Amino acid sequence: MYVLATLLTLVNQVSGTPYVSGGDTPAGTDCSGLASWVSNAASGRPVYGNRFNTGNQESALLARGFKYGTAPGALVIGWNSGHTAVTLPDGTPVSSGEGGGVKIGGAGAYQSGFTHHMYLPVEEIPAEPTGAPVIVAVSNNEPAPPPPPGELPPPPADLPPSPADLPPPPAELPPAGELPPPPGELPPPPGELPPPPPGDLPPAPGQPA
């Protein structure tokens, strides 16, 4: 419902405000005016323009969500028929009209002469849901987190490729100076000479060469 920092900021801003009976501006206020400002800010209302006094303070605080009594770590307001003061959730006391205008210090809401006390409980901040993914930033200088159980880690990027990933070797080339036979023509079997070129046929037996 409210944040302690908001109340501390308000109290520090109005500290030193002059005491003005019935006042409801930064130019001055009285004790119930200060209690009105703090309770307004704590309940999400505009700080100024909605003040109460010690005569209707009980109903005004009930309308703002306050409960009877006191509680540690809560915003507590104490009063009687003639005076009121405040103690913030962190224990900071603040009042107006105790020897001047608005000031921090004194007994706050826990003054012996106060016959009424009410407090506004602090809303609990919800816990982070369990099982939510946790994002971990990994820098270049830190090792990456281990993989979950049952999952193999990826291979390092600098390992050589496996034989199955290599391209097939090129076909063997013939020795230097030898040309492969033209397509469709096979080389002679071993032990046989190739036929002589046309025009160079040997003489038939019994004919002169």
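Scroll up a little and you will see the structure.
This is a predicted model, so every value here is computed, not measured. (Residues numbered from 1 in each chain as written. Predicted model: local features only at pLDDT ≥ 70, side-chain atom pairs only at ≥ 80, totals over all residues. Heavy atoms only, no water.)

**Student:** Is there a simple way to explain the nonpolar core in this structure?
**Tutor:** One recurring pattern in soluble globular proteins is that nonpolar side chains are buried together. Of all hydrophobic cores here, the largest spans 23 residues; its most connected members are Val38, Leu75 and Val86. If one sorts the elements of this core by residue count, helix H2 (residues 31-42) sits on top with six residues. Counting residues in each nonpolar core, the second largest holds five residues, with Ala71, Ala74, Val76 and Ala109 among its members. (Core = buried A, V, L, I, M, F, W, Y, C linked by side-chain atoms within 4.5 Å. Buried < 20%, exposed > 50% of the residue type's maximum accessible area, 1.4 Å probe, protein only. Helix = DSSP H or I, 4+ residues; strand = E, 2+ residues; numbered from the N terminus.)

**Student:** What is the right way to look at the pattern of salt bridges in this model?
**Tutor:** Oppositely charged side chains can form a pair if their charged atoms are brought close together. Evaluation of the coordinates by the stated rule reveals one salt bridge. Between Asp30 and Arg51 there is a salt bridge, with its nearest N and O atoms 2.9 Å apart. Pair noted here: Asp30 is in the loop between strand S2 (28-29) and H2 and Arg51 is in the loop between H2 and helix H3 (57-63), with a separation of 21 residues, a long-range link. (Salt bridge = Lys/Arg side-chain N within 4 Å of Asp/Glu carboxyl O.)

**Student:** Looking at this structure, how should I read H2?
**Tutor:** The periodicity of an α-helix, 3.6 residues per turn, causes residues three or four positions apart to be oriented the same way. For H2, built from 12 residues, the straight-helix expectation of 16 Å at 1.5 Å per residue is met to within 8% by its first-to-last C-alpha distance of 17 Å. Of all 12 residues making up H2, 12 are buried, and the element is well covered by its neighbours. Inspection of H2 places Cys31, Ser32, Gly33, Leu34, Ala35, Ser36, Trp37, Val38, Ser39, Asn40, Ala41 and Ala42 among the buried residues, and these make up the whole buried set. Immediately downstream of H2, the backbone of Gly44 shows phi near 80 degrees, a positive value. (Expected span 1.5 Å × (residues − 1).)

**Student:** Which parts of the structure should I look at to understand the pairing of strand S5 (residues 84-87)?
**Tutor:** Strand residues, when the strand is regular, have side chains that alternate between the two faces of the sheet. What you see with S5 is no split at all: Thr84 and Val86 on one side and Ala85 and Thr87 on the other are buried throughout. Sheet topology note: the strand S4 (residues 75-79)/S5 ladder contains four bridges and is antiparallel. Across the sheet, Val76 pairs through a bridge with Thr87, a residue of S5. Linking S4 back to S5 in an antiparallel pair, the connection comprises four residues. Bridge analysis of S5 against strand S6 (residues 93-95) gives two bridges, and the strand direction is antiparallel. Residue pairing in the sheet places Thr87 in a bridge with Pro93 of S6. (Pairing = 2+ DSSP bridges.)

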